[in-house]
Structure formats: structure tokens, C-alpha cells
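Structure assessment
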Protein chains: 2
Amino acid sequence: MNGGDGPNSYAQNSSYQRGAVDVAKPIIEAEISRKLDVKHRSSPFRIADFGCSTGHNSFAAMKIITEAIKRKFKTDGQTSHIPDFQVFFNDKVTNDFNTLFSSLPPKRLYYATGIPGSFHGRLLPKSSLHFGYSSCSLNWLSKVPKEVADNASPAWIRGKIHCFGARREVLEAYSNQYAKDVEAFLDARAEELVAGGLMALIVPAVPAFWNPNTAYTSITDFDILGSCLMDLAEKGRFSKAKVDSFNLPVHITIPQEFRAILERSDNYTIERMEIIDNPGKRTLTVPTDRASFFRAVFEQLLINHFGSEIIEELFHQYANKLAASSLFLEPKNEKSVLIFVLLKRKPYDQK
Amino acid sequence: MNGGDGPNSYAQNSSYQRGAVDVAKPIIEAEISRKLDVKHRSSPFRIADFGCSTGHNSFAAMKIITEAIKRKFKTDGQTSHIPDFQVFFNDKVTNDFNTLFSSLPPKRLYYATGIPGSFHGRLLPKSSLHFGYSSCSLNWLSKVPKEVADNASPAWIRGKIHCFGARREVLEAYSNQYAKDVEAFLDARAEELVAGGLMALIVPAVPAFWNPNTAYTSITDFDILGSCLMDLAEKGRFSKAKVDSFNLPVHITIPQEFRAILERSDNYTIERMEIIDNPGKRTLTVPTDRASFFRAVFEQLLINHFGSEIIEELFHQYANKLAASSLFLEPKNEKSVLIFVLLKRKPYDQK
């Protein structure tokens, strides 16, 4: 994600992800009110956001969660036992934590901390977390599947940067890496969560079936980004091999696939799972806005591979392609969805 | 403190502060071995460093502390109960946490987190901390005493940037601010520490009596820095009034003063207090090194007040003044000391 708060920053270009927070708000509030056991809670109450970026949307989510928990203590007659809250903001070591920390809301219900590191591994001490949260982050893979990057493998992709429309082997390689990464995430959180602890996940997804001739999703965006890179290769900005060797470490799941991964875990009960529509996508109806959204997310990855000189031209081209497509100019064609899941950590002795 | 790890960074110019860690190592190890009660500890074990800067010396201190605690569990026959360690790295919001996080030692015994915010206020939930640590940080005031900055007050300082050699009112203003700030620090930590929790403080100080004609201390450095600023004002780089309105928010205590502040607190027992010599000062025998040390610490404050254009000339001048002084060229004349204190949080009901 782009750091800072300039015109190309994540902070300025994350209305899409903000939509996820807004639409999940009433669900999270209802679930905390229904499911959170405040009678057996010791203070402090620890909450973590896995994949917080520079905090812009994370702060809104942490406000919703802490206020809902505080309300729950009140309605359950536990006002005098409202705990101190401690929130852990997690993202990769390369995340711009300086911007996150300097943007913290001055009025907040919690003590704020940052945790640098990959959420595919352990980040917190055993049994020390009461509420986990992650929004629009589990789509990030720990790495590009190695078969996809290996030009001797049947899963090697040529002239594309993602699995969309690619051969079965490519799809499988992405799917397998995704399952492995989500399982690693769930295993690590299972160690960190206290028994009975809740975790809300908001996961970018697409429906199992959608027609690319009449609809588009964020996966289509990856395809367009790939085609723009090929255009630049045609223009001689870099070699086509350079595009072949670039692949996004991202997977957009389908609900069936995600549920199957969850069900394989012995550590949680699925308290709620539903498909929600993201109002955030309707904030990106102007092609340049959608291009800025993708730029804020992928610019660093692109710079690392192609260099910074090509970025302006690439996203200019990208916005032009969107603007030329009647498909993209009609927001109702956007079929991406979000999966909302509430998990509960099972007791440690009862798997 | 200067962020990053370039030639003027704190990371590259903190051998002085590193000396404090080295000399305190055997004392901390001995005290943990003697005083830490491992029989009644629940996991995880939480440690915080208040004023960690970009981590360079903090990592060394956290290694010493976590290894000593682990050893203590082993020698007390509690090997199977060695807890998960969680370390909180604290410094002001403007600290370069990005550099801190990217410099974390890959092999470490603890889960790392950052806490942005002033250690003069609360940073952690109530009764959640097992071991507090702060080295070469309590010398920072929360602000310049307001009387010193007020040109209608008898404590206003003209042509100086610190209280050294100034009138009684100035000294008192600094002393009062220091007492207030250290008390605020102790009060906040008293809320955060568990009953029986330990806190090791390493505090820059000078002896109660030292002769400025035959010796020097870090306070002399402030005086020289002030005189260099006056030289630049003479040269027309900025007005003398600009120097008058600049004062360092720093106080170097004397052991008697610091002990009196500690003794006024009802929340701790003083388990150990002693004066230690800092071997780090002997790493700064070359004038340019000593200038770089002060530059890494004070550059940002100076830039905020005077602008960045004057910095090179200022520290060049500074190193020249040191080089011209026979007093400074003899390292044994450096009389600054460190106070080492080990405090124990009293039980909450027994003040």
C-alpha cells in the first residue's frame, strides 16, 4: 500500500475498503451484542486488526468494535467492569507505521500499539487476544505461487499477471497457495485468541459464476492491468519477458472455496457467514478514481519490478481503457462481493 | 532523534547511549536473578522500553532482559513455565518507527510491538506490564518550562539555550518542570505495572558539584551549542532574539534531586540506586564524533526553530570549539554520570 497521505496514498484512495467497514458495521454490532460473553472477561480487552495499512479505515473499524463492546458491558449490567481496551494494529514490516501512528484519532477508547510482521505467522503471545479483525487483507498471498513464476512449470503464466482466464494449472496453483496462506493465518490466530474469543473477517470475493462479457470484478482489473503492461512492453518500455515474470501475489476467492477452508479448521466454530455487497465499489465509478484505487494498492509492487518511470503512463493507460469500455462505465456491472465471517475460538481442550 | 540509518542518524551516533546499556547489563542481570518472582507469573510476560528511539540500543537491552528472565525461570526450576514475552517499544509519535520495525533483530525471544505517545502519560492498560525499562530518556522534559520562554518572567533566559550558569529562577523553573515530568512518568507506570513488577531506570546526571574550569559534562555541551548559535546570530544568520526564544526541553539531574523525587512517590520501593560511570562517553573523544552525537539528538529541534540551512555550519562550528579546547581534548575531564535505579511496584492495596 502507498504510505503517507498524498494524492496517490492508500489513505486518500481507499473508499472501496471503507465501504467494507460501513457495510459490516451493523453486523459486527449485532454479533458483539449477541455473542460476546462479558461476564467472564478480565481486563484489559485486547483487539487486533490484521492488515491495517496506514489506518484510515482501521480506525473506523476499531471505533465500531470498542464502542459496541462498551455498550455490551453496559446493557449486561457490567458498567463498573468496562475494561481498558488495547488495540494492536498489524501490517507488514514495510507498512508506513509512521503515518498510521501520526493519524491516530486523538479521542479513542483504546491504548494503541503497532505490530510489524506477516499475519501468516504468529504476532502475539499465546492466548492473549480477545477479538480479531481483518478486512480486505486475506486476499494477499504470502508469495506468488512458485509454479506460476517457474517457466518450466505447466502453471507458468505468459503475458498475464494473474490467473484470470489462465489454464487450470495456474488457477490451481493460486488456489493452493491461498488455502495454505489462509490456513496459516487461522492457525496463528487460533494460538493467539483466548478460548471463546471472536474474530470478524471481511474477505474480498467474486461470485462462483459471473459472465466477463456482461460484468466485471476486481479480477477483471488485474487482467486490464496486465494488458496495459503488455501494451507498454509493445511500446518498448520493457521486455515482454519482464511482464511474464511479474505476477500478483493476490487471490480473490469464491464463497464456496473460502467456506471449505474454514471448515477444515478444528479450532473455530463459524458463528455467521454471509455474502455482502460492498457500497465502496460505487465510490469508484469514475475511471480515474478506480485507477487511483488500484495504484494506491499495487504501485509499490509495480515499482519494485518495473521501476518508477513507467507508473504514470501505466495508470493513465489503465484509466483510458476503463473509460473506453461501456462495461466499466455502468457501475451496476461490478459484481465483486465481500464475505463476512464471524468465527469463535473453541475451548482449548475441546477440539 | 534523527530517524533512518544515515550518517547523521541516531542509529549511527548513539555509542554514548549504548554505553549505558553495557554498563547496566550485569546489574540488571543480577537484579532479575535476585528479585524477580517467577513462581507467581502468568504468561505472557510484558516488557516495555520507554524512549526507545529507532531501537539501536533498545534491542540490546531487550535481549539482556528477556534472556535474564528466561534464565531465572530455568534456575528456579520453572523451565516448563517459561512465558511468551511481549515487548512494547515506546517513543513519541514523531519517532521513526518505520526504521525501528525494519531493524528488529530477526532472532529474538519476544513478540515486538510499538507504542506511539508521550511517556509522561498513560500508554498501556492498567496492571498489564511486568517489567519497565527506560534508558537516557527521562532527561527529556515534556516542554520547556513556561517561565523560561516568557520574556516577562524573571526566569527568562537571554542568549542561552539552557539553565547552565543561569540565574536561580531559571534553574528552579527547569528543576520544577523535571520533578513534575518524572512524577507524571512514575504515576503512569504505577498504573500500568502489576503489583511486584520491576522497573529499571538509567538516568543521565551530573555530580552535585563539578568545576567547569577543570571538567565538563553534557551540560557544558548545551552551553557550547548555545554559544555557537550566538556566533551564528552575530554573523547575521538569524536574530539574537531567535536564540533567546530557543530553549532545550532537557534537564540533567543530580543524584540527590532524583532520589528526592523517587522518595516522594508512594507506589514504589527503591530496590537499588547507584551512580554508574558511562563507558559510552569514552567513545566520543574526537570532537567531530561528539558533535555528531549531539546532532543526532538535537537536529530536529534545531531545524524546527532555526531552519535546516544553518545545521551544517552550526555543528562544524561546534566541533571546532571542542577541538580548540584543551579541556575537551582530555576525555577524563568528562564528569557526566548515570543513575541506575531499580524500582518495585508496591501491592495495589498497600501504599
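For clarity, every value in this text was computed on a predicted model and none was experimentally measured.

**Examining the overall build of chain A**
A count of helical and extended segments in chain A gives 10 helices and seven strands. Here chain A has a C-alpha radius of gyration of 21 Å; the compact-globule value for 351 residues is 20 Å, and the two agree. For chain A, the spread of C-alpha atoms along the three principal axes comes to 70 × 40 × 35 Å. Every one of the 351 residues in chain A was classed for burial, and the buried ones make up 57%. Taking the intrachain contacts of chain A between residues at least 6 apart in sequence as the baseline, contacts between residues at least 24 apart amount to 81%. One finds the centroid of the 43 positive side-chain charges in chain A at a distance of 4 Å from the centroid of its 39 negative side-chain charges.

**Let's talk about the interface of chain A and chain B**
Where interface size is given, it is often the accessible area lost as the parts come together that is meant. Listed per partner, the contact involves 25 residues of chain A and 25 residues of chain B. Between the two partners, chain A and chain B, sit two salt bridges. Between Arg 122 of chain A and Asp 84 of chain B there is a salt bridge, with the nearest N and O atoms lying 3.4 Å from each other. The interface formed by chain A and chain B contains 12 residue pairs in polar contact (both at pLDDT 80 or more). When residues of the side of chain A that touches chain B are traced back to their parent elements, those giving at least two are strand S2 (85–91), helix H3 (97–103) and strand S3 (110–116) of chain A. Ranked by residue count, the leading element in the side of chain A that touches chain B is S3 of chain A, at six residues. Residues of the side of chain A that touches chain B, tallied by class, amount to 13 nonpolar, seven polar and five charged.

**Overview of the relation of the copies chain A and chain B**
Expressed as a screw transformation, the operator carrying chain A onto chain B has a rotation angle of 180° and an axial translation of 0.0 Å, and the superposed copies differ by an RMSD of 0.0 Å. In the structure described here, the two chain copies are related by an operation that fits a two-fold rotation axis. When C-alpha distances to the rotation axis are compared across chain A, the minimum falls at Gly 114 of chain A, with a value of 2.4 Å. Of all interface residues in chain A, 100% are interface residues in chain B too; the two copies therefore contact each other through one and the same surface.

**Here's the deal with the packing of helix H6 (residues 218–234) of chain A against helix H9 (residues 287–306) of chain A**
All names here are of chain A. Two numbers describe how H6 lies on H9: the axes approach to 12 Å, and their chain directions differ by 50°. When the axes of H6 and H9 are compared, the pair comes out oblique. The two elements H6 and H9 meet at a crossing, and its hand is right-handed. Of the residues in H9, those touching H6 at Ser 218, Asp 221, Phe 222, Leu 225 and Leu 229 are Arg 290, Phe 294, Phe 298, Leu 302 and Phe 306. By residue class, the composition of the contact of H6 with H9 is seven nonpolar, one polar and two charged.

**Things to note about the state of the cysteines**
Joining two cysteines, a disulfide is a covalent bond between their sulfur atoms. Inspection of the entire model under this criterion finds zero disulfides over all chains. You can see Cys 52 of chain A has no disulfide; the closest cysteine sulfur is in Cys 136 of chain A, sitting 13 Å from it.

**So, unusual backbone geometry**
The backbone phi angle of Ser 127 of chain A is positive, close to 50°, even though this residue is not glycine. With respect to the helices and strands, the residue Ser 127 of chain A is situated in the loop between S3 and strand S4 (129–135).

**Quick notes on the confidence of the model for chain A**
Summarising the model, chain A shows a mean pLDDT of 90, and 96% of its residues fall at 70 or more. Scoring the predicted complex yields pTM 0.93 and, for the interface, ipTM 0.91.

**Focus: the side chain of Thr 220 of chain A**
All names here are of chain A. Considering the arrangement of structural elements, one finds Thr 220 in helix H6. According to the relative accessible area criterion, Thr 220 is buried, its value standing at 12%. Those residues in contact with Thr 220, other than ones at most four positions away along the chain, are Trp 210 and Phe 328.

**Description of helix H1 (residues 15–35) of chain A**
Residues and elements named next belong to chain A. With 21 residues, H1 should reach 30 Å at 1.5 Å per residue; the first-to-last C-alpha distance of 29 Å fits that figure. The largest bend in H1 amounts to roughly 45° and is located at Ala 24, with the proline Pro 26 lying one to four residues further along. Residues Tyr 16, Gln 17, Gly 19, Ala 20, Val 21, Ala 24, Ile 27, Ile 28, Glu 31 and Ile 32 constitute the buried set of H1. Where H1 is buried, its residues meet helix H2 (56–75), S4, strand S5 (193–205), strand S6 (268–276), H9 and strand S7 (337–345).

Basis of the calculations
- Residues numbered from 1 in each chain as written.
- Chains lettered and ligands numbered in written order.
- Predicted model: local features only at pLDDT ≥ 70, side-chain atom pairs only at ≥ 80, totals over all residues.
- Heavy atoms only, no water.
- Helix = DSSP H or I, 4+ residues; strand = E, 2+ residues; numbered from the N terminus.
- Rg over C-alpha atoms; globule rule 2.2 N^0.38 Å.
- Buried < 20%, exposed > 50% of the residue type's maximum accessible area, 1.4 Å probe, protein only.
- Contact = heavy atoms within 4.5 Å.
- Lys, Arg positive; Asp, Glu negative; His and termini not counted.
- Charge placed at Lys NZ, Arg CZ, Asp CG, Glu CD.
- Salt bridge = Lys/Arg side-chain N within 4 Å of Asp/Glu carboxyl O.
- Polar contact = N/O pair within 3.5 Å; in protein donor to acceptor, adjacent residues only side chain to side chain.
- Nonpolar A, V, L, I, M, F, W, Y, C, P; charged D, E, K, R; others polar.
- Least-squares fit on C-alpha atoms with pLDDT ≥ 70 in both.
- Axes fitted to C-alpha atoms, helices over the stretch in contact; angles between N-to-C directions.
- Parallel < 35°, antiparallel > 145°, perpendicular 65-115°, else oblique.
- Left-handed = near helix turned anticlockwise from the far one by under 90°.
- Disulfide = S-S within 2.5 Å.
- pLDDT = per-residue confidence, 0-100.
- Expected span 1.5 Å × (residues − 1).
- Bend = angle between axes of the 7 residues up to and from the residue.

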